[in-house]
Amino acid sequence: MGLQSCNKKHNNSINESSDLSVADSLKISGLFVEAEQAYRAEISQKKDPSDLLPSILALAEIKLLVKENSAAKNFIDSAQFLVQQVNTYDSTYQLMLYVLQAEHAYNTQAYEKGITVLENNRHLIKNGDRPLQMRYYLTLGSLYRFGRNDYTNAEKYLLQARELLESHYPKSLYHPILFYRLAATARLKSDFDMGINYGRLMLSALRTMPKRDSALTRLAYSVMANIYSSKEEYQFATLYYDSSVHFESTKANSKTLATILNNKAFAEQKLKQYSRALSTYNQSLKVLINNSVENHSDVHMNLAYLHRVMGRYDSSLYYYRKVKHYRNQHYPSPSPEKGYTYYRYASLLKELNKIDSSLFYIQKAIAEISRSAFEKSININPSAGDWIDKSTAVGMLSLKGALLKEKYTISQDANYLNQSVVCYNLANNVLKSNAALFANENTQLINISHIWPNLAEGIDVLNQYYEQNPADHIEEVYDYVAGTKSQLMLSRLNKQSIEEIYLPNDAVIKLRQLKQESAYWQVSVGLATTEKEKENLTKKTDSLERERATYNKALSISFPAYANAKVDSLPTLKNLEAYCAAKNKTIIDYTWSNQAVYGLSINASGSKFFNLGKSDVIKVDLDSLLFHLEHPSLEHQKYAQLALKLYNTLLGPILAINHTEDIIIIADNALLNIPFDALLKSYSGKEKGYKELDYLLHTNKISYALSITSVNKTTDNFSGTGNVLGMAYGMHANDPLSLSNSESEIDVLASYSDGVFLNQESCTKENFFKHATQASIIHLAVHGKSDTNNRYTSYLQFPNGEASEKKLYTFELYRHYIPSALVVLSTCESGAGTYEASEGMYSLARGFLSAGAQAVMQSLWKLNDQASLKVFENFYKHLEEGKTFSEGLRLSKQQYLQSSDNYTSHPAYWAGLVFIGEDGTTKFNKEKDSIFYSIIFGLICISAMLYIKMRK
């Protein structure tokens, strides 16, 4: 590539002919041994030294491809000598020499040197042929990826190389190389699906080569394995690692084989196959030893962690010390590798309660990953550019904060507490700076899910800090508590492709096509040879960017979940207090840490932070309450005692100070499973049954929100008008899933409003999507199934349609726009699903809210048909009267209690339905009633006229 004219005279341009010599053809086909022999034969036949350059450059290229870097350097030096001695070479040869120098820098990890060579000679690229331009961008993209961790520019240059390659050489050796580097870049950007696609394209390209290259095949399987490992799909990762090992094992004692085995063992470790992982790590060590490789630190690091997980702390300390010793001797500072070693070592020492030693090593760790000099004080600049590895920095800072908190607990020295707070705030600042880049520039977001326990400890520290001076520190507490939870939500989302989750396939394809076209034309501007050409290319680039922005805007309107996915929209505390003042509401945001449960109360009178008690104690009480809700009995005393105890723990301290009738609950962890309106404000022991208990329901309107960022999304209550959609599973012969009262539920809705009401054969998923976008209220009385392991695969089930089309999954909701005022999910467990620490529940209800619904009525457990029907009968009546959704549900529950007996008044029958989202009202359409009254009025008028006429 780029040397196809290697037999031309030195005073001719490479562009003059496209004829390939035998040697060129062999090289392009990947037959390197044969190609090298052919080039050496060419050199032996040439008499003029100035004719040797093309063949020497080609030999350098071959040596670089087979990673014989010393031999490649010799050929590059020889070529450079010829260029300096002979002045008549075309500038294209000079560019080829620079490209080879940069490729050598890439192979030898001298990345900045390679970037400098290419950037300084960018002006020569317009003279190069297309294959040479392809090599230029392939190398530059690879250098940006490794040298600067600039994945955006790396991808841009690699896509430019792909465009040039596929337009001129549909089949060549560089296809698998290019796809490998694109796959590796996609993995680093967390675009795993695209990375897997590139990996498959690489394998496909290898199959078309005359001679299958085992090293490249190994790379293909290895990159696929690494992507699946990053995706946490370790079963697939181990399969691809096995394939990679098979192809690498033909090269005995390979250091690369050791790396693959090391990665494979890590995947086995994640699958908790500890014995197998230990065996694979030992295989990796054996390969390194047989290959006389001195550096075993990567394998030793993983062995240290494996022994730690297995509880073998002495062995873990042994391996960490070996890694620490080696890296101290061989790695310069600052060094991320040394920093990570100190970090893991400090974590183990903390686990062993060696606080002072752990603190010493975490300080050394922070210094190693900061680009500034050795840490002189705790106040390290937290800006995004100051850290070599931001993800590790967050973990280190939060670990240091936890250690300083331990020091404070032991000594009661306030300086330790203050320093701990500074550490946690620094960690939060690093998160926020990265989130801003993520929202605006599509950069990789820090994944903090694995370090959330350390960050959660920061809440315990902030609580102690807050208690010293509440008025001065409430803003700081809010910023940390709400901010870190918000970042955790984004962090988990970033593990998958946002486009893949929230957009249909055709939109994803078009977005990526526009992105690739834009990248291609942006690079082409630099190739322009005249000002006029540059102007035209710039106009083309601007036009594509406008088209991409317009299309993105349209997608954001049609798919609100996609628009909101990357937005860091944490409201200020003052804005939330103003919202509460305007609405006369109180927001209570709960946070669950390993040590305690906290409540952040926000309303017009101000904000306060409460330590509500030890989390393990509260968890026991919650589990007991849930048992009584799932197993109702006539004996109300135990339930009453638990419900009162939990009220006094979770709400009593808050409502005693900050109190409004309307309360918005943002629950966390086990609190997500309980209906707060079924807690008791008082209990005397004289009550005769469930019906007489003093539920919070009687004095307060309770609604729920997903997170603090979802509160105040609209400035006014959503007032829906227009269409109604009701769908009922109904009764079906020989269908054990038949729902007897489902049709009665939508009959209730139909008695108050016209609309589309579907049951039996018409109750299908297709009809749902056909009518849902036009409906102000949607009532779904169908089956629901929650998935506790996957946030996107809870589903609703319809009775009719093709077998594959009966289920409506949560991930499908994300890809549609359903802007309803209210969605009523009269299904089992529609509020249950996959719980993520501090983020809440990923359920069907959350799916509808993400799709644009303003509010959802969800169920916390399996509903009783008869009880639910009675609640709905009154609920829609109250909506017709103009009541808000939350007030309508509250009044309906109260009326149900009044009409029930002692057994059916148990909260298990009525408390499972809860309201989540923004409150609002709706106006029903009563076209039939209007016609009826018009007819009556008309008859009265006619009668009056006839009466008057008869009187005359």
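Just above sits the structure.
One numbering rule holds for all chains: residues counted from 1, following each sequence as written. The model is predicted, so local features are restricted to residues of pLDDT at least 70 and side-chain atom pairs to those at 80 or more, both for listing and for counting; the totals for chains, interfaces and linings are taken over all residues. The basis for the side-chain values is all heavy atoms of the structure; hydrogens and waters are excluded.

Asker: Before we go on, may I ask you to explain the overall build of the chain in this structure?
Answerer: Scanning the chain from terminus to terminus reveals 38 helices and 19 strands. Taken over 952 residues, the chain has a buried fraction of 56%. Split by element, the accessible area of the chain, about 40,200 Å² in all, is 49% carbon and sulfur. Each helix is a run of DSSP H or I of at least 4 residues and each strand a run of E of at least 2, with the numbering of both proceeding from the N terminus. Three exposure classes are used, based on accessible area relative to the maximum for each residue type with a 1.4 Å probe and protein chains only: buried under 20%, partly exposed in between, and exposed over 50%. Values of accessible area rely on a 1.4 Å probe in the Shrake-Rupley scheme; residue burial ignores everything except the protein chains shown.

Asker: I'm lost on helix H5 (residues 91-107) in this one. Help?
Answerer: Spacing of three or four residues puts side chains on the same side of an α-helix, whose turn is 3.6 residues. By definition here, a helix of n residues has an expected span of 1.5 Å times n minus one. Given a rise of 1.5 Å per residue, 17 residues ought to cover 24 Å, and the 24 Å separating the end C-alpha atoms of H5 matches this to within 8%. Within H5, 14 of the 17 residues are buried, which leaves the element mostly enclosed by the surrounding structure. Just downstream of H5 lies Gln109, where phi reads positive at about 65°.

Asker: How should the packing of H5 against helix H7 (residues 130-147) be read in this particular structure?
Answerer: Relative orientation and spacing of two packed helices are given, respectively, by the angle between their axes and the distance between those axes. Lines fitted to C-alpha atoms define the axes here, with helix axes fitted over just the stretch in contact, and angles between the N-to-C directions of these axes take values from 0 to 180 degrees. Interaxial distance between H5 and H7 falls to 10 Å at its minimum, and their mutual angle equals 30°. Classed by the angle they form, the pair H5 and H7 counts as roughly parallel. As H5 runs across H7, the sense of the crossing is left-handed. Contacts from Thr92, Leu95, Met96, Val99, Leu100, Ala102, Glu103 and Tyr106 of H5 reach H7 at Leu132, Arg135, Tyr136, Thr139, Ser142, Leu143, Arg145 and Phe146. Note on terminology: angles under 35 degrees are roughly parallel, angles over 145 are roughly antiparallel, angles of 65 to 115 are roughly perpendicular, and the others are oblique. Helix crossings fall into two classes, left-handed where the near helix is turned counterclockwise from the far one by less than a right angle and right-handed where it is turned clockwise. In what follows, residue pairs with any heavy atoms lying within 4.5 Å of each other are defined as contacts.

Asker: Quick question: what am I supposed to make of the pattern of salt bridges here?
Answerer: A side chain of one charge can pair with a side chain of the opposite charge when the charged atoms of the two come close. What counts as a salt bridge is simple: a side-chain nitrogen of Lys or Arg found within 4 Å of a carboxyl oxygen of Asp or Glu. For the structure on display, the rule yields 27 salt bridges. Among the salt bridges present, the one from Arg327 reaches Asp298, with a minimum N-O distance of 2.7 Å. Of this pair, Arg327 sits in helix H16 (residues 313-330) while Asp298 sits in helix H15 (residues 297-309), and the two are 29 residues apart along the sequence. We note a salt bridge from Lys407 to Asp356, for which the minimum N-O separation is 2.6 Å.

Asker: How should I be thinking about the nonpolar core in this particular structure?
Answerer: Note on soluble globular proteins: their nonpolar side chains tend to be buried together. Membership of the largest hydrophobic core comes to 161 residues, with the highest contact counts inside it found for Ile362, Ile587 and Phe609. Other than its neighbours up to four places away in sequence, Phe609 contacts Ile459, Asn463, Tyr466, Ile474, Val477, Val481, Tyr598, Gly599 and Leu600. Among buried residues, those of type Ala, Val, Leu, Ile, Met, Phe, Trp, Tyr and Cys that are joined through side-chain atoms within 4.5 Å constitute a nonpolar core.

Asker: Explain the environment of Leu455 to me, please; I cannot follow it from the model alone.
Answerer: Its location among the elements puts Leu455 in helix H21 (residues 452-468). We classify Leu455 as buried; its relative accessible area is 0%. C-alpha of Leu455 to C-alpha of Ala427: the two residues are 28 residues apart in sequence and 8.3 Å apart in space.

Asker: When you look at the environment of Ile43 in this model, what are you seeing that I'm missing?
Answerer: Within the fold, Ile43 resides in helix H2 (residues 32-45). Here the alpha-carbon distance between Ile43 and Leu53, two residues 10 residues apart in the chain, equals 9.2 Å. Excluding residues that lie within four positions of it along the chain, Ile43 makes contacts with Leu52, Ser55, Ile56 and Leu59.

Asker: Help me understand the side chain of Ser222, please; the structure alone is not making it clear to me.
Answerer: Structurally, Ser222 is set in helix H11 (residues 214-230). With residues near it in sequence (within four places) discarded, Ser222 still touches Tyr241, Ser244 and Ile260.

Asker: Whenever I open this one, the sheet that holds strand E11 (residues 783-785) confuses me. Can you help?
Answerer: In a beta sheet, neighbouring strands pair by backbone hydrogen bonds and run either parallel or antiparallel. Strand pairing is assigned whenever DSSP identifies at least 2 bridges connecting the two strands. Strands sit in the order E11-E12-E13 across an open sheet of three strands; the sheet is antiparallel. Of all the strands in the sheet, just E11 and strand E13 (807-809) have a single pairing partner and so form its edges. The average angle at which neighbouring strand axes cross in this sheet is 25°, direction not considered. Sheet topology note: the strand E12 (residues 795-797)/E13 ladder contains three bridges and is antiparallel. The partner of Gln797 across the bridge, within E13, is Lys807.

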